[in-house]
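Reading the structure
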Amino acid sequence: MYRTGLTAITILLLSQICIGGEPKMADPFTLDGLRYIKARHEKEGVAVFNNNGVRGPGLTLSFFGKLNARVLDAYNLNVAKVVLSDGTKLPLEKVRTKSSASNHKDGWGIALGSDRQSVGVQVDLDVSRIVDFQMISGTFMISAPSGSEIIKTALLEDKPESSDAKSGVTVEMCMNWGSGRYFLLKVPNAEKVQGVSVFDDKGNEFEQTSPFQSISHNQLKLFVKKPKDSSFRLRLDTSKDVKEEVVSFTIGPLVLDK
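A few points on the structure.

Quick look at the overall build of the protein chain
Scanning the protein chain from terminus to terminus reveals zero helices and 16 strands. A separation threshold of at least 6 residues defines the contact pool for the protein chain, and within that pool the share at least 24 residues apart is 72%. A total accessible area of about 13,500 Å² is found for the protein chain, and carbon and sulfur atoms account for 49% of it.

Written out as structure tokens, the structure is:
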């Protein structure tokens, strides 16, 4: 569908992600896919029938890259400049990849991988045909961890409202999920959690069937391969501090198959 011959894609991080070294891309951004929407289906009110989330006719490009350091979150993607292959600058009103606000975390168009290093971004443009690009540039934000503090909970029961007063961890919800159990936990400063281990009452570690997810300031999703009603303990690796950093990126040139 596309080719990226002689494509040079680079990313520059404007500030440090972790103490003791300048962050770099372990793997540079590469084009992962594209989607072209030719027309809006007026009757259904969407650009592609039954495809929720599209922002109208145009071109969406997906890119994948990897940082050399683990981060806690990636958000507020803004594409600031798009230059077509003929040197024409695309008007900003034609660029739909913009964070809705700078004072809160907006995850549209950007995703951090479960390894907390891989980053996927989407560039969504209002253009009337598939075009080549000289350059695409913009910024996004990351939450960078600093330091580490280990928190161990007391034994928790596999039921809602089970809690540990010392750590402040509470089970808000639990249910069967695939081959294991799903937990929604109240965890103070959940956005600072950078590692989770789960143990039974004898100290044996349970397998996590999916990566944990911090979904708010004090909520954590956990997917554990364990029997229903069996008690468990948590070991949380929590960052002592979190800093917001700006990431500036430049992509191009980019040549697509028509």
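A few points about the sheet that holds strand β13 (residues 207–214)
Strand order in this open sheet of five strands is β9-β10-β11-β14-β13, and the pairing throughout is antiparallel. Two strands lie at the open edges of the sheet, namely β9 (163–164) and β13, each paired on one side alone. Two strands pair when backbone bridges link them, and strand β10 (residues 169–177) and strand β11 (residues 180–186) are joined in this way by seven bridges, in the antiparallel orientation. Along β11, the bridge assignment pairs M175 with Y182.

Things to note about the nonpolar core
Ranked by size, the top nonpolar core spans 32 residues in total, and within it L61, F63, F133 and F140 carry the most contacts. Counting residues in hydrophobic clusters, the runner-up holds 19 residues, among them V169, F206, F212 and L220.

Overview of the pairing of strand β7 (residues 133–146)
For β7, a buried count of twelve out of 14 residues is recorded, marking the element as mostly surrounded by other parts of the structure. Pairing of strand β4 (residues 73–84) with β7, which is carried by nine bridges, proceeds in the antiparallel orientation. Bridging across to β7, V79 finds its partner in G138. Examined bridge by bridge, β7 and strand β16 (residues 241–251) share eleven bridges and lie antiparallel to one another. The residue bridging A144 from the neighbouring strand is K243, located in β16.

Here's the deal with the sheet that holds strand β12 (residues 193–199)
Read across the sheet, three strands follow the order β8-β15-β12 without closing on themselves; strand pairing throughout is antiparallel. Each edge of the open sheet is held by one strand with a lone partner, namely β8 (149–152) and β12. Ignoring which end each strand starts from, the neighbouring axes of this sheet average 15° apart. Relative to strand β15 (residues 233–238), β12 runs antiparallel, the two being bridged by six bridges. Paired with G195 across the strands is D237, a residue of β15.

Here's the deal with the pattern of salt bridges
Inspection of the entire model under this criterion finds eight salt bridges. The residue K105 makes a salt bridge to D73 at a minimum N-O spacing of 3.6 Å. Here K105 is found in the loop between β4 and β5 (110–112), whereas its partner D73 is found in strand β4, with 32 residues between them in sequence. Classification of K105 by relative accessible area gives partly exposed; the value is 41%. One salt bridge connects D126 with K94, and the closest N-O pair in it is separated by 3.7 Å. Note that D126 is positioned in the loop between β6 (118–125) and β7 and K94 in the loop between β4 and β5, a separation of 32 residues in sequence.

The rules we used
Residues numbered from 1 in each chain as written. Predicted model: local features only at pLDDT ≥ 70, side-chain atom pairs only at ≥ 80, totals over all residues. Heavy atoms only, no water. Helix = DSSP H or I, 4+ residues; strand = E, 2+ residues; numbered from the N terminus. Contact = heavy atoms within 4.5 Å. Areas by Shrake-Rupley, 256 points an atom, 1.4 Å probe, with all protein chains shown as cover. Pairing = 2+ DSSP bridges. Core = buried A, V, L, I, M, F, W, Y, C linked by side-chain atoms within 4.5 Å. Buried < 20%, exposed > 50% of the residue type's maximum accessible area, 1.4 Å probe, protein only. Axes fitted to C-alpha atoms, helices over the stretch in contact; angles between N-to-C directions. Salt bridge = Lys/Arg side-chain N within 4 Å of Asp/Glu carboxyl O.

Structural measurements only, silent on function.
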